[in-house]
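Report on the structure
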Amino acid sequence: DVYGTFVGYPFELNASLDTDNEEMLKMMEIGWRTARLCALETYMDCPFYEQLQYLGDTRIQALISLYNSGDDRLVKNYFNLADMSRNIEGVTMGRYPTTSPQYITTYALTYIFSLHDYMMYGKDTQFIMDKLPGVEQILNYYKGFQLEDGRVKDLPGWNFTDWVYVPSWDFGAPLKGADGCSSVVDFQLLYALQTASEMELHRGNTYHGNLYKAEAEKLAASIRKAYWNEERGLFSDRAEQDNYSQHSNALAIICGIVDEAQAREIGRKLVEDKTLAPASVYFKFYLHEALVKAGYGDDYMKWLVIWRENIAMGMTT
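Here's what I pulled together on the structure shown here. Remember, predicted model here, so these are calculated numbers, not experimental data.

With respect to the side chain of Asn249
Assignment of secondary structure puts Asn249 in helix α9 (residues 246-254). Only 2.7 Å separates the side chain of Asn249 from the backbone nitrogen of Phe235, close enough to count as a polar contact. At 3.0 Å, the side chain of Asn249 forms a polar contact with the backbone oxygen of Ser245. With residues up to four places along the chain from it excluded, the contact list for Asn249 reads Leu234, Phe235, Ile266 and Leu270.

Structure representation (structure tokens):
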């Protein structure tokens with residue numbers, strides 16, 4: 001006798017997808033199976049290969065759990081472990097738990113985004129409020145590498161953002177300019193300051209809430225000055241304005257530093273301009289969020305090419 005035993009986290013699918021579209025139902029089935037297989041005692045990027053809880057991947061996994069199940073046990077475990085992983089300088093590891101320390105410095109910011117997600121979608125808001133002293137330490141660490149105008153220069157560690165296979169990216173990290181800065185990193189810090197401000201104000205800490213808000217406004221102005229290219233109508237990846245990506249421009253929309261008309265135009269270019277360094281399937285989460293915010297949500301079905309390719313290849317996760 002030959003048989004298999006399915007093992008996955010005991011999430012219950014409490015959300016439902018009401019559609020006659022068989023393709024969408026198939027994607028939902030495959031996606032939910034994937035979410036369960038990538039969750040055991042922790043979330044993990046893959047149940048077969050690395051089996052590690054990377055903070056960037058886990059933000060998206062946690063949102064899937066909260067939205068489709070409402071089960072927040074593994075989400076809270078993720079926050080506890082990420083907080084526990086912070087080193088003496090206050091920065092989280094890029095993945096944890098692990099016996100091999102690795103610092104993806106930008107993932108410390110993703111951890112802040114994820115805490116904000118839980119404040120918006122989770123049940124135990126006080127749990128997040130108790131994590132905010134750690135957020136302060138992460139942002140204080142970043143201050144040590146900020147220029148006078150707020151932009152981040154020569155950030156240590158691996159500044160991974162996405163697997164982008166073009167010469168203007170270096171092993172998942174955007175190239176810095178001669179000034180040591182990258183708009184892709186600056187945008188992530190801006191988003192962290194904005195979300196941290198909202199969390200602090202929610203708990204009644206107006207000092208830090210207003211401080212982060214002011215720092216975010218200063219950084220946003222510096223980003224516009226250094227990276228906005230009026231002729232192209234896009235944000236560049238560095239001050240030389242010689243490299244452009246879906247990443248920086250998607251984050252510009254998400255962070256709200258462009259008006260509605262500009263967001264609409266940038267959104268159009270995110271889809272049509274093939275010279276932009278492309279987002280991988282991981283960063284499409286942010287790309288799609290930006291496109292929806294820019295008013296293109298009705299085109300969502302057109303963006304699922306890689307999912308269709310996976311199904312055509314016979315993938316079941």
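Quick look at empty space enclosed by the protein
Per the stated rule, a full pass over the model turns up two cavities of 30 Å³ or more. For the largest cavity, the calculated volume is near 60 Å³. Together, Tyr107, Thr110, Phe113, Thr161, Gln188, Leu251, Tyr282, Phe283 and Tyr286 line the largest cavity. Sort the elements by how many residues they give to the lining of the largest cavity and helix α4 (residues 107-121) lands first, with three residues. Tallied by class, residues from the lining of the largest cavity come to six nonpolar, three polar and no charged. If you trace the second largest cavity, you find it lined by Val152, Asp154, Leu155, Asn159, Lys176, Gly180, Cys181, Ser182 and Val185. Residues of the lining of the second largest cavity, tallied by class, amount to four nonpolar, three polar and two charged.

Brief notes about the layout of surface pockets
In this structure, the second largest pocket encloses a volume near 370 Å³. If you trace the second largest pocket, you find 17 residues lining it, with Gln246, Leu270, Lys274, Lys284 and Leu287 closest to the centre. Of all the secondary-structure elements, those providing two or more residues to the lining of the second largest pocket are α10 (260-272), α11 (284-293) and α12 (305-312).

A word on the nonpolar core
Residues Leu139, Phe235 and Ile257 are the most contacted members of the largest nonpolar core, which totals 83 residues. Leave out the neighbours within four places in its chain, and Leu139 touches Leu109, Ile112, Leu189, Ala192, Leu193, Ala196 and Tyr212.

Some words on the pattern of salt bridges
The final tally for this structure, using the stated rule, is 19 salt bridges. One salt bridge connects Arg308 with Glu23, and the closest N-O pair in it is separated by 2.7 Å. On the criterion of sequence distance, the pair formed by Arg308 in helix α12 and Glu23 in helix α1 (residues 22-37) is long-range, its members being 285 residues apart. Between Asp117 and Arg59 there is a salt bridge, with the nearest N and O atoms lying 2.6 Å from each other. A residue pair is termed long-range when its members are at least 10 positions apart, and Asp117 in helix α4 and Arg59 in helix α2 (residues 55-68) qualify at 58 residues. For the pair Asp117 and Arg59, a shared accessibility class is recorded, and that class is buried. When salt bridges that share partners are traced, they join Glu265, Arg268, Lys269 and Glu272 into one network.

So, α4
Given 3.6 residues per turn, any residue in an α-helix points the same way as the ones three and four places further on. With 15 residues, α4 extends 20 Å from end C-alpha to end C-alpha; this agrees with the ideal 21 Å at 1.5 Å per step. Across the 15 residues that make up α4, a large majority, 13, are buried.

Overview of the state of the cysteines
With the rule as written, the count across this model stands at zero disulfides. Cys38 takes part in no disulfide bond, and the closest cysteine sulfur, belonging to Cys46, lies 6.3 Å away. Note on Cys38: relative accessible area 9%, which makes it buried.

What about helix α7 (residues 183-202)?
Taking 1.5 Å of rise per residue, the 20 residues of α7 would be expected to cover 28 Å, and the 28 Å separating its terminal C-alpha atoms lies within 8% of that figure. Along α7, 16 of the 20 residues are buried, which leaves the element largely enclosed by surrounding structure. Between a side-chain oxygen at the N-terminus of α7 and the backbone nitrogen of Val184 the separation is 3.2 Å; the capping residue is Ser182. Note on α7: the residue one or two positions beyond its end, Gly204, has a positive phi of about 90°.

Thoughts on a nonpolar patch on the surface
On the surface, a nonpolar cluster with roughly 410 Å² of combined accessible area is contributed by Tyr67, Met120 and Tyr121. Tracing the sequence through the fold places Tyr121 in helix α4.

A few points about the packing of aromatic side chains
Tallied over the full model, the rule gives 24 aromatic pairs. Ring geometry for Trp163 against Phe171: centres 5.0 Å apart, planes inclined by 80°, an arrangement best described as edge-to-face. Classification of Phe171 by relative accessible area gives exposed; the value is 56%. The residue whose ring lies beneath Lys76 is Phe127, and the NZ or CZ to ring-centre distance is 5.1 Å. A cation over a ring is seen here: Arg264 above Tyr296, with NZ or CZ 4.0 Å from the ring centre.

About the criteria used
- Residues numbered from 1 in each chain as written.
- Predicted model: local features only at pLDDT ≥ 70, side-chain atom pairs only at ≥ 80, totals over all residues.
- Heavy atoms only, no water.
- Helix = DSSP H or I, 4+ residues; strand = E, 2+ residues; numbered from the N terminus.
- Polar contact = N/O pair within 3.5 Å; in protein donor to acceptor, adjacent residues only side chain to side chain.
- Contact = heavy atoms within 4.5 Å.
- 1 Å grid on protein atoms, 1.4 Å probe; cavity = no way out; pocket = protein on both sides within 12 Å on 5 of 7 lines; lining within 4 Å.
- Points joined across faces, edges and corners; volume = space filled by probe spheres on them.
- Nonpolar A, V, L, I, M, F, W, Y, C, P; charged D, E, K, R; others polar.
- Core = buried A, V, L, I, M, F, W, Y, C linked by side-chain atoms within 4.5 Å.
- Buried < 20%, exposed > 50% of the residue type's maximum accessible area, 1.4 Å probe, protein only.
- Salt bridge = Lys/Arg side-chain N within 4 Å of Asp/Glu carboxyl O.
- Expected span 1.5 Å × (residues − 1).
- Disulfide = S-S within 2.5 Å.
- Patch = residues over 30% accessible without salt bridge, like charges linked within 9 Å, V, L, I, M, F, W, Y side chains within 5 Å.
- Areas by Shrake-Rupley, 256 points an atom, 1.4 Å probe, with all protein chains shown as cover.
- Phe/Tyr/Trp six-rings, centres within 6.5 Å; stacked < 30°, edge-to-face > 60°.
- Lys NZ or Arg CZ within 6 Å of the ring centre and 35° of its normal.

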